[in-house]
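Spelled out from the first residue to the last, the chains are:
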Amino acid sequence: MTVWSVIGAGVAGLAVASELVARGAQVQLFDPAGPPGPHGCSWWAGGMLAPWCEYENAEEPVLRLGQAAIDWWAARTQVHRCGTLVVANARDLPDLRRFARRTDGYSEINRDEIRALEPDLGAFGKGLYFEAEAHIDPRQALHDLYHQLRDNGVTFHHGPAPGHLANAIDCRGLHARDMLHDLRGVKGEMLVIRCPDVSLTRPVRLLHPRMPLYIVPRGDGIYMLGATMIEAEDSSRITARSMLELLSAAYALNPAFGEAEVLEIGVDLRPAFPDNLPRVRRLGGVIFANGLYRHGYLLAPALAQGVADLALENKHSEMVDEDCA
Ligand SMILES: Cc1cc2nc3c(=O)[nH]c(=O)nc-3n(C[C@H](O)[C@H](O)[C@H](O)COP(=O)(O)OP(=O)(O)OC[C@H]3O[C@@H](n4cnc5c(N)ncnc54)[C@H](O)[C@@H]3O)c2cc1C
C-alpha cells in the first residue's frame, strides 16, 4: 500500500494527514520541531471560523469553502457555535455600515440585543451578529488532530524528512519558500490576556479605522487579542505601536480590560501567495499545500480535501494550481 509522507505538522500538515487517513490512506508525518507548539504559525491563531466576517476583505472562495470548515472541525475537536459579534464606537459607525455592505449572513442588532448576547458590551448601540459563525481553540485542535492521528497508526518522525521521499506532501508553511518562490510572510502579532472582570462568550470584532481588533474567549477569563496584519519579513518581536494599539482597542471595548494581565505575546509570519488564497501544487513529484494566510483553520479543511482529491484520485479541485499540476 502507498504510504504518504506529510512534511510539516502545522494545521496544514495535520489537516492533510487527517483527511488522508479518513479516506483510508496510510500516512507518516515528519516535523523536526516535534509535536505542534510555539515554533509553528498555527500556534498563534485566533481560531475563528468566520467566513462571512472574513468575506468583508477576502475573495469569494473564502466565504464558500470556509462554511464547510465548521462541520469538518466539529468531527475532530470542540467547536463553539455561538456566532460573532461586530461592534463599533459611535464615531466609527460608517465603518460598521461599510463592513455590512461588503458581506452578508448577519442581522443588525441594537443596544438591548447586544446586551442580551454580551452583557459586558452594553456601551455599544449598534452591532452586526453573524449567528452561523463559530470558533475553536487552535491549540486544542492541533492537540486533538495530533493524538487522533497517532491513535490511527500514523507514525510521527520528529526529525527532517529524508531527501527524495516518494509520495511526499510538503506542508512546511513559510519554510517552503525555498521551493515556492511567490510565497511571502505577513506578520501577525497577538496577545493572550487574563481578565476575569470581563465576561465574553463569543468572538467580538471592534471596527476601528487604525486597528480592527478581534478578541476570542478561551474560557476562565482568558482571551486571545489579535491580530496585526503587517507586510514584513521579521517575526522576532512585537512593536510598541502594535502592543499599544491592541491594548487600546481592548480598552475601548471595555475599560475593565485595563486591569488585564498579559500572559503571552505571540508573533509569527503567515504564509501567503500574492492573492492570499491557498494552493495545492505539484512540483518535481512533490505535492505542496500552502498559502493559508490568515485563514489557517478556516481553509485547512478545503486545502486538505484538495490534496486528498489530487493524491488519491488525481482529481483537480479548485485548490489545485493548474499551472503546476
Ligand atoms: C497572530 C495570528 C493570528 C491568526 N489568526 C487566525 C485565525 O483566527 N483563524 C485562522 O484560520 N488563521 C489564523 N492565522 C493564520 C494561521 O495561523 C496560518 O494560516 C497557519 O498557521 C499556517 O499553517 P501552516 O501549517 O501552513 O504553517 P505552520 O503552522 O507554520 O506549520 C509549518 C510546520 O512545518 C514545520 N517544518 C518546517 N520545516 C520543516 C522541515 N524541513 N521538515 C518538516 N517540517 C518542517 C514547522 O516546524 C511547522 O510545524 C493567524 C496567524 C497569526 C500569526
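Residues numbered from 1 in each chain as written. Predicted model: local features only at pLDDT ≥ 70, side-chain atom pairs only at ≥ 80, totals over all residues. Heavy atoms only, no water.

## Description of a nonpolar patch on the surface
Now for step 1: Together, Leu-247, Val-262 and Ile-265 line one region of the surface with nonpolar side chains, adding up to about 220 Å² of accessible area.
Now for step 2: Its place among the elements puts Leu-247 in helix 8 (residues 240–253).
Now for step 3: Looking at Leu-247, the relative accessible area reads 33%, which means it is partly exposed. (Patch = residues over 30% accessible without salt bridge, like charges linked within 9 Å, V, L, I, M, F, W, Y side chains within 5 Å. Areas by Shrake-Rupley, 256 points an atom, 1.4 Å probe, with all protein chains shown as cover. Salt bridge = Lys/Arg side-chain N within 4 Å of Asp/Glu carboxyl O. Helix = DSSP H or I, 4+ residues; strand = E, 2+ residues; numbered from the N terminus. Buried < 20%, exposed > 50% of the residue type's maximum accessible area, 1.4 Å probe, protein only.)

## Some thoughts on the sheet that holds strand 17 (residues 286–290)
Now for step 1: Spatially, 8-2-1-9-17-16 is the arrangement adopted by the six strands of the open sheet, whose pairing is mixed. With one partner strand each, in any of the chains shown, strand 8 (155–157) and strand 16 (279–283) form the two edges of the open sheet. Direction aside, the axes of adjacent strands within the sheet are offset by 25° on average.
Now for step 2: Strand direction decides the pairing type here: strand 9 (residues 168–170) and strand 17, joined by two bridges, are parallel. By the bridge assignment, Asp-170 is partnered in strand 17 with Phe-288. (Pairing = 2+ DSSP bridges. Axes fitted to C-alpha atoms, helices over the stretch in contact; angles between N-to-C directions.)

## With respect to the domain arrangement of the chain
Now for step 1: Domain annotation of the chain identifies domain 1 (3–46 + 137–180 + 275–313) and domain 2 (84–131 + 184–272).
Now for step 2: Summarising the inter-unit geometry, the C-alpha centres of domain 1 and domain 2 are found 29 Å apart.
Now for step 3: Counting from both sides, the interface comprises 18 residues of domain 1 and, opposite them, 20 residues of domain 2.
Now for step 4: With both sides pooled, the region where domain 1 packs onto domain 2 buries about 1500 Å², and carbon together with sulfur makes up 56% of that total.
Now for step 5: Together, Trp-44, Leu-174 and Tyr-293 form the three largest contributors to the area buried by domain 1 at its contact with domain 2, with a combined 39%.
Now for step 6: Counting across the interface, domain 1 meets domain 2 through eight residue pairs in polar contact (both at pLDDT 80 or more).
Now for step 7: Residue classes in the side of domain 1 that touches domain 2 are distributed as seven nonpolar, seven polar and four charged. (Domains from an automatic or database assignment. Contact = heavy atoms within 4.5 Å. Buried area = accessible area lost by both parts, 1.4 Å probe. Polar contact = N/O pair within 3.5 Å; in protein donor to acceptor, adjacent residues only side chain to side chain. Nonpolar A, V, L, I, M, F, W, Y, C, P; charged D, E, K, R; others polar.)

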